[in-house]
Amino acid sequence: MKRLIATVALIVTAISFAFAQEGTVTTKKYRLADFGEKVTKVVLTGNEITDAALMQAVVDSWTIAPFEFSDVQEYETLKSVDGYYFLIAAEGFIAKTNEPTGIVFLSVVKGGVTPEEIVSVPLCPTGVTGGRELVYIGAMVQTVQEFIEKARTSEKAAYSDLSVFNSNFDRKGYQKQLYIAKEDLADTVKEADLEKYSDADLYFRMDTEVDEIFESGAYNTLCSYSVSPEQPKKGDTCYYMLFEAGTGKLYYYQKHKISGREGSGISTADLKKISKGR
């Protein structure tokens, strides 16, 4: 299924320390202390299918703060106001160069004079997509909430990225069945690699089967989901995640730069890392 994603330029700012007149350091953990008290504006970008899926996911599982549905026009008006947080699906931009990443992220942004990105989950390629994000968007909404909860209690977590969840895999990954979509694999992964890493609890299947297993809520099972630019090139970043069926919990998050040795998607090096945790 091909469809056009309506994207909004997401302002990604460098982490900085703000010093008050008394010399107090205002850390990211401190700045998130008001999250539960302020309204989160869920920004609908105009894509009917994605908006409907995001609305349903929020209604079903958003419990961390009060929320209201919004639109891009209101976001542009309020993003500079230190009174709201925003949940928005927007194309990411590289902070240093302001070049587009080719990927849409589901992000939480804190409003203010300089809007601040709190957490971003890779959602889908910009422009054309196969629609798998609709299967996992509920898990992503859950993930951003769990990240914020961690960040409000731990300074280390606040300045981390989604790899903070990899401890889930480190502790319990070896107990899980793991289904990896063949479409999530890099072109550099060969059939011999699949034979090498397959075992009684690690399976390589078509993405439609993996998604069905995830949606069925299969017990004790992790499913893969990867995101890369639609036309990846050397130097681009690709991402992959392992979500638990049934709970939607993120167990593993990894990213790497696309190169001649590591193509777009889960590479042989990634498979080796996963296998070490089993």
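Thresholds applied
Residues numbered from 1 in each chain as written. Predicted model: local features only at pLDDT ≥ 70, side-chain atom pairs only at ≥ 80, totals over all residues. Heavy atoms only, no water. Pairing = 2+ DSSP bridges. Helix = DSSP H or I, 4+ residues; strand = E, 2+ residues; numbered from the N terminus. Axes fitted to C-alpha atoms, helices over the stretch in contact; angles between N-to-C directions. Contact = heavy atoms within 4.5 Å. Buried < 20%, exposed > 50% of the residue type's maximum accessible area, 1.4 Å probe, protein only. Right-handed = clockwise from strand over helix to strand, strands pointing away.

Draft legend 1. Expanded view of the sheet that holds strand 4 (residues 67-71). The strand order across the open sheet built from five strands is 4-3-5-6-7, with neighbouring strands paired in mixed fashion. At either margin of the open sheet sits one strand with a lone partner, and together these are strand 4 and strand 7 (116-125). Along the sheet, successive strands turn relative to each other by an average axial angle of 30°, direction set aside. With eight bridges connecting them, strand 5 (residues 84-93) and strand 6 (residues 100-110) associate as antiparallel partners. When the sheet's bridge partners are listed, F93 is paired in strand 6 with P100. Across the sheet, helix 4 (residues 133-153) touches strand 5, strand 6 and strand 7, and the angle it forms with strand 7 is around 165°.

Draft legend 2. Main features of the pairing of strand 3 (residues 39-44). Judged by how many residues are buried, strand 3 sits mostly within the fold: five of six residues are covered. Where strand 3 and strand 5 come together, five bridges link them in parallel fashion. Its bridge partner being in strand 5, V43 is matched across the sheet by I88. Bridge analysis of strand 3 against strand 4 gives five bridges, and the strand direction is parallel. When the bridges of strand 4 are listed, L44 appears paired with D71. A crossover connection joins strand 3 to the parallel strand 4 through helix 2 (residues 48-61); in handedness this β-α-β unit is right-handed.

Draft legend 3. Structural context of the environment of S61. Within the secondary structure layout, S61 lies in helix 2. Looking at S61, the relative accessible area reads 26%, which means it is partly exposed. On a C-alpha basis, the gap between S61 and G138 in space is 7.7 Å, while along the polypeptide they are 77 residues apart. Discounting chain neighbours no more than four positions away, the residues touching S61 are V141 and Q145.

Geometric descriptors of this kind do not, in isolation, establish any biological role.
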